[in-house]
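Structure at a glance
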Amino acid sequence: MKALITGGAGFIGSYLAEELLKRNYHVWVIDDLSTGRIENIDALKSNNKFNYIIDTIMNKNLMAELVDRSSVIFHLAAAVGVQLIVDQPVKTIETNIKGTEVVLELAEKKQKKVVIASTSEIYGKSSQIPFTENGDMLFGPTIRSRWSYAVSKAIDEFLGLAYYYEKKLPVAITRLFNTVGPRQTGRYGMVIPRFIKQALNNESLTVYGDGNQSRCFTYVGDVVTAIADVSELKEAFGQVYNIGSTEEITIKDLAEKIIKMTGSKSKIEFIPYEKAYSSGFEDMNRRIPDISKIGKLTGYKPSVNLEEILKRTIEYMRNAD
Ligand code: UDP
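To start, this report covers the structure provided alongside it. (Residues numbered from 1 in each chain as written. Predicted model: local features only at pLDDT ≥ 70, side-chain atom pairs only at ≥ 80, totals over all residues. Heavy atoms only, no water.)

Overview of the environment of Thr-250
When you line up the elements, Thr-250 lands in strand β12 (residues 248-250). For Thr-250 and Asn-285, which are 35 residues apart along the polypeptide, the C-alpha to C-alpha distance reads 9.4 Å. Apart from the residues lying within four places of it in its own chain, the contact partners of Thr-250 are Gly-211, Asn-212, Gln-213 and Ser-214. (Helix = DSSP H or I, 4+ residues; strand = E, 2+ residues; numbered from the N terminus. Contact = heavy atoms within 4.5 Å.)

Now the structure itself:
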């Protein structure tokens, strides 16, 4: 089996590469290093079943060649991270939509399997907790650029499913909830690496809003196992799957837990959203997935709880610099 991972030098992509190599795949990675990092794949370079190219997925000739060589394409290349989305909405929309167009168009020519990585942002402000794959999406207005990410990923899902229905292309969609673990960077807004770094430096932990908003964090290893499993099951094509955890924690409790676990002297600083991002910024209050559909398909169950995720990530970040 030969896999192409777009965005394979990213945090999640690099773990997926590792997982597929374990499953004896030949793995090609394409990444333009816009948010990915070469260090993420350093350890894989010596594996003779691993190859990588630093280039953009908009390079259609190159992509045609890579798609041709693959039996399955994992499309993870995307603009990610709330901070990045707020700062660079044009790039977010263009990368997400055009990139997916390129992948699907080329895959269709050769009838190659595609797994698209989508996001829990898709559910937007929906209050239909837990989120089921067939639940409604609820987005804010277009003047608030945060929503451009969710809507662009929704277009990706529509397009992927349209290729499945109209062109009989085997496409599966995975909606990833907050995915965390060692190697994730806090540069684009992700809360756990940010809090751990702040705690290790004895700086204030920057809790946005009142900190009562909650999330369920999933270990990246569990996520990539599920993505790889989905790609290997015929029944998955034409379907959408939530991949996440149901262990909920408020951001304020998360900050307190990280301070305790690192033995830090840090305090918590509450920062209004408009100061953290931009005026009129809307956050999601709660985000809990229904994971029964992926559970039925693959037997998926998160295997690493939050405590252990934090332990591993703290350990990694202590030794990183
Ligand atoms: N957050 C925070 N402080 C930070 C970064 C993030 O309080 O320094 C909050 C953010 O407002 C959100 C939650 O942590 O409520 C998770 O943020 P993240 O960007 O990691 O993921 P999201 O769920 O927003 O995609």
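Side note on the nonpolar core
Grouped together as the largest cluster of nonpolar side chains are 59 residues, with contacts concentrated most on Leu-16, Leu-20, Val-27, Phe-74 and Leu-254. Contact partners of Leu-16, with chain neighbours within four places excluded, come to Ile-5, Phe-74, Leu-76, Val-224, Ile-227 and Ala-228. Listed in part, the 24 residues of the second largest apolar core include Val-67, Val-103, Leu-161 and Val-171. (Core = buried A, V, L, I, M, F, W, Y, C linked by side-chain atoms within 4.5 Å. Buried < 20%, exposed > 50% of the residue type's maximum accessible area, 1.4 Å probe, protein only.)

Considering the sheet that holds strand β3 (residues 50-54)
One open sheet accounts for 7 strands, arranged β3-β2-β1-β4-β5-β6-β11; its pairing is parallel. Both outer strands of the open sheet, β3 and β11 (240-243), are each paired with one neighbouring strand and no more. Direction aside, neighbouring strands of the sheet carry axes that sit 20° apart on average. Where helix α1 (residues 11-22) meets the sheet, it contacts β1 (2-6), β2 (26-31), β3, β4 (72-75) and β6 (171-176), and its direction lies at approximately 175° from that of β1. (Pairing = 2+ DSSP bridges. Axes fitted to C-alpha atoms, helices over the stretch in contact; angles between N-to-C directions.)

Brief notes about the packing of aromatic side chains
Counted under the stated rule, the structure contains 9 aromatic pairs. Ring centres 6.2 Å apart and planes at 25° place the aromatic pair Phe-50 and Tyr-52 in the stacked group. In this structure Phe-50 comes out as buried when scored by relative accessible area, which is 5%. Within the aromatic cluster, the residues linked to one another by ring pairs are Tyr-208, Tyr-273, Tyr-277 and Phe-281. One residue, Lys-293, lies across the ring of Tyr-241, its end atom 4.9 Å from the ring centre. In this arrangement the basic side chain of Arg-312 is found over the ring face of Tyr-219, its NZ or CZ atom lying 4.9 Å from the centre. (Phe/Tyr/Trp six-rings, centres within 6.5 Å; stacked < 30°, edge-to-face > 60°. Lys NZ or Arg CZ within 6 Å of the ring centre and 35° of its normal.)

Focus on helix α6 (residues 191-200)
For α6, every residue scored as buried is listed here: Ile-192, Pro-193, Phe-195, Ile-196, Gln-198 and Ala-199. In this fold, the buried residues of α6 make contact with β7 (179-180), β8 (205-208), α8 (251-262) and α11 (306-320). A positive phi of about 55° marks Asn-202, the residue just after α6.

As for unusual backbone geometry
The amide bond that connects Ile-129 to the next residue, Pro-130, takes the cis arrangement and shows omega of -5°. Secondary-structure assignment places Pro-130 in the loop between β5 (113-119) and α5 (146-167). For Asn-24, which is not glycine, the phi torsion reads 75° and is therefore positive. For Asn-24, the location among the structural elements is in the loop between α1 and β2. Positioned with a positive phi, Leu-33 is a non-glycine residue whose angle comes to about 60°. Its location among the elements puts Leu-33 in the loop between β2 and β3. Judged by relative accessible area, which is 30%, Leu-33 ranks as partly exposed.

Topic: the side chain of Asn-40
Along the polypeptide, Asn-40 turns up in the loop between β2 and β3. On the accessibility criterion, Asn-40 (6% relative accessible area) is buried. Once you skip the residues sitting within four places of it in the chain, Asn-40 turns out to touch Ala-9, Gly-10, Phe-11, Ser-14 and Arg-183.

Digging into the site of the ligand
As a matter of local geometry, the ligand sits amid 18 residues, with Arg-194, Thr-206, Arg-215, Asp-283 and Arg-287 nearest to it. Between the ligand and Arg-194, the relevant distance is 2.7 Å, taken from an oxygen atom to a side-chain nitrogen or oxygen of the residue. A distance of 2.6 Å separates a nitrogen atom of the ligand from a polar backbone atom of Thr-206. Mapped onto the shell around the ligand, the elements with two or more residues apiece are α6 and β8. Looking at the shell around the ligand, its residues break down into 8 nonpolar, 4 polar and 6 charged. (Near = heavy atom within 4 Å. Polar contact = N/O pair within 3.5 Å; in protein donor to acceptor, adjacent residues only side chain to side chain. Nonpolar A, V, L, I, M, F, W, Y, C, P; charged D, E, K, R; others polar.)

Overview of a nonpolar patch on the surface
Together, Met-137, Val-151, Ile-155 and Phe-158 make up a nonpolar patch on the protein surface, roughly 350 Å² of accessible area in all. Position of Met-137 relative to the elements: it lies in the loop between β5 and α5. (Patch = residues over 30% accessible without salt bridge, like charges linked within 9 Å, V, L, I, M, F, W, Y side chains within 5 Å. Areas by Shrake-Rupley, 256 points an atom, 1.4 Å probe, with all protein chains shown as cover. Salt bridge = Lys/Arg side-chain N within 4 Å of Asp/Glu carboxyl O.)

Comments concerning the pattern of salt bridges
Once their charged atoms are close, side chains differing in charge can pair, the charge on each being opposite to the other. The final tally for this structure, using the stated rule, is 21 salt bridges. Here Arg-146 ties to Asp-283 by a salt bridge, and the two come within 3.5 Å at their closest N and O atoms. Here the residue Arg-146 occupies a position in helix α5, and Asp-283 occupies one in the loop between α9 (273-276) and α10 (292-298), the gap between them amounting to 137 residues. For Asp-283, a relative accessible area of 23% puts it in the partly exposed group. Between Lys-153 and Asp-156 there is a salt bridge; the shortest N-O distance is 3.5 Å. In this pair, Lys-153 and Asp-156 are both assigned in helix α5, 3 residues apart and thus about one turn of the helix distant. Asp-156 sits in the buried class, given a relative accessible area of 1%.

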